[in-house]
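Analysis of the macromolecular model
If you want the building blocks of each chain, they are given just below.
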Amino acid sequence: KNQEEFNACANMVEKSFKYYHEIFDAYNEYDGINNLCTLNKKAYEEDVKVPEELFELIKYMKNVEPFLKQSVNIALGEVLELWHTAREVSISNKENAYIPSEDKLIDASKSNRIDDIVLNNNGTIRFLNKNLRINLGAIAKGWTTEKVAKHIEENGFSSFIINAGGNVRCSGSPKDGRKAWGLMIKDPLASSNKSAEVLFLQNLSTVTSGDYERYFT
């Protein structure tokens, strides 16, 4: 209804995304939080108490894993860490650019059994393999975006778009009379801001990703 109401909602959204980012971060720790990075460091040695939201997402992924036909595996963190490190080094220091060796990748892939992630009833998590690492990069942003969207709707907003960088969530329809939101998919082969397609969405999300955006040479 006014700028003040919008600002309050926007601030809530920003704080929510910051919180989810911190608990799902596999590479950095934060004061006062046992986040994913903490879990990966300690869970083989001891039961680790994690925030409810992190526990919920890991539990969800363990439950749906049998239906995914090995297309998504959150226990591939050790493999993804090798690629993450190679990408960071290769971008910051091109003279030393490299890709992980096949031997290291094969060895890391031996520690990717999701059944080695044990969830306890008291909200703690334990790993049965000392080399197992969780990475939620395939699911965390979409999960977070949907959680935040539901929170906005619960606070009385029925018409909005969240653009979380490749993850776009459309709620309701625009207030100007249109039946749906128009979402442009950029043509990756065009030098200008040309569209490859326009999607018309109502109460739906769409996710795009491209190897022309995230890569290294």
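A brief look at the structure comes next. Because the structure is a prediction, the values reported are computed rather than measured.

Examining the pattern of salt bridges
- Counted according to the given criterion, the structure contains 10 salt bridges.
- The closest approach of N and O atoms between R126 and D47, which form a salt bridge, is 3.2 Å. Taken together, the residues R126 in strand β3 (residues 124-127) and D47 in the loop between α2 (36-42) and β1 (48-49) connect sequence positions 79 residues apart.
- A relative accessible area of 28% places R126 in the partly exposed class.
- Under the relative-accessibility criterion, D47 is labelled partly exposed at 39%.
- The salt bridge partner of E146 is R169, with a shortest N-O separation of 2.8 Å. Within this pair, whereas E146 is found in helix α6 (residues 140-154), its partner R169 is found in strand β5 (residues 167-171), the two being separated by 23 residues in sequence.
- Residue E146 is classed as partly exposed on the basis of its relative accessible area of 29%.
- Each of E146, K150, E153 and R169 takes part in a single network of salt bridges with overlapping partners.

Digging into the sheet that holds β5
- In space, the three strands of this open sheet follow the order β4-β5-β8, with antiparallel pairing throughout. Where the open sheet ends on each side, the last strands, each with one partner, are β4 (160-163) and β8 (204-207). Averaged over neighbouring strand pairs, the angle between their axes works out to 10° when direction is ignored.
- The pairing of β4 with β5 spans four bridges and is antiparallel. Within β5, the position partnered with F160 by the bridge is S171.
- On top of the sheet, α6 reaches β4, β5 and β8; it is set at about 25° to β5, its chief contact.

Overview of the environment of T38
- Note on placement: T38 falls in helix α2.
- A relative accessible area of 1% means that T38 is categorised as buried.
- In sequence terms T38 and G156 are 118 residues apart; their C-alpha atoms lie 36 Å from each other.
- If near-sequence neighbours (up to four positions away) are discounted, T38 is found in contact with E29 and I33.
- Separated by 2.7 Å, the side chains of T38 and E29 make a polar contact.

Conventions and cut-offs
Residues numbered from 1 in each chain as written. Predicted model: local features only at pLDDT ≥ 70, side-chain atom pairs only at ≥ 80, totals over all residues. Heavy atoms only, no water. Salt bridge = Lys/Arg side-chain N within 4 Å of Asp/Glu carboxyl O. Helix = DSSP H or I, 4+ residues; strand = E, 2+ residues; numbered from the N terminus. Buried < 20%, exposed > 50% of the residue type's maximum accessible area, 1.4 Å probe, protein only. Pairing = 2+ DSSP bridges. Axes fitted to C-alpha atoms, helices over the stretch in contact; angles between N-to-C directions. Contact = heavy atoms within 4.5 Å. Polar contact = N/O pair within 3.5 Å; in protein donor to acceptor, adjacent residues only side chain to side chain.

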